[in-house]
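If you want the building blocks of each chain, they are given just below.
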Amino acid sequence: MNKIEAIIQPSRLDAVEQALVAIGVQGMTVSRVEGFGRQRGHSVIFRGFGSAAQFLAKLKLEIVVPDELTETVVERIVQAARTGSIGDGKIFVLPVTQAVRVRTGECGLEAVRFESPAVLIH
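All of the points below concern the structure found in this document.

Calculation notes
- Residues numbered from 1 in each chain as written.
- Predicted model: local features only at pLDDT ≥ 70, side-chain atom pairs only at ≥ 80, totals over all residues.
- Heavy atoms only, no water.
- Helix = DSSP H or I, 4+ residues; strand = E, 2+ residues; numbered from the N terminus.
- Buried < 20%, exposed > 50% of the residue type's maximum accessible area, 1.4 Å probe, protein only.
- Contact = heavy atoms within 4.5 Å.
- Areas by Shrake-Rupley, 256 points an atom, 1.4 Å probe, with all protein chains shown as cover.
- Pairing = 2+ DSSP bridges.
- Phe/Tyr/Trp six-rings, centres within 6.5 Å; stacked < 30°, edge-to-face > 60°.

1. As for the overall build of the protein
- A count of helices and strands for the protein gives three helices and six strands.
- Here the protein holds 122 residues, and the buried ones make up 28% of them.
- Long-range contacts, defined as pairs at least 24 residues apart, comprise 70% of the intrachain contacts of the protein with a sequence gap of at least 6.
- On the protein, roughly 8400 Å² of surface is accessible, and the fraction owed to carbon and sulfur atoms is 54%.

2. Quick look at the pairing of strand 5 (residues 56–65)
- Counting buried positions along strand 5 yields seven of 10 residues, so the element is predominantly enclosed.
- In this structure, strand 2 (residues 29–35) lies alongside strand 5, joined through seven bridges in antiparallel fashion. Residue pairing for strand 5: valine 30 is matched across the bridge by leucine 61.

3. Points about the packing of aromatic side chains
- If you walk through the whole model with that rule in mind, you get one aromatic pair.
- Aromatic pair phenylalanine 36 and phenylalanine 55: ring centres 5.6 Å apart, planes at 25 degrees, arrangement stacked. Remark: phenylalanine 55 occurs in the loop between strand 4 (49–50) and strand 5 and phenylalanine 36 occurs in the loop between strand 2 and strand 3 (45–46); sequence separation between them is 19 residues.
- For phenylalanine 36, a relative accessible area of 40% corresponds to the partly exposed category.

Right, dumping it as structure tokens:
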């Protein structure tokens, strides 16, 4: 299993989500984050005084997938998140050695897959 962490522009979330659902990704965590890369954020000038670089709003997606799906997920994120502008984001792939579903105690891949869409309906 691998954990894919993708930092993307907030405006690209819907496109990335649709691309991942289309290939069978059944869950992800999305967090609002701030940061900067090579673009160094942006400077703010207020009443004639400039301030240091400000952090830019981004989204961080966290997705755990089986090894065989990792490259496909990364490719789909790149395709859906790319605008061609600086600040499109980064993707990191990390190995996952264990996962446990708290509700049932299931371990490994069984812990990160939904058994059926009915599980989501309450």
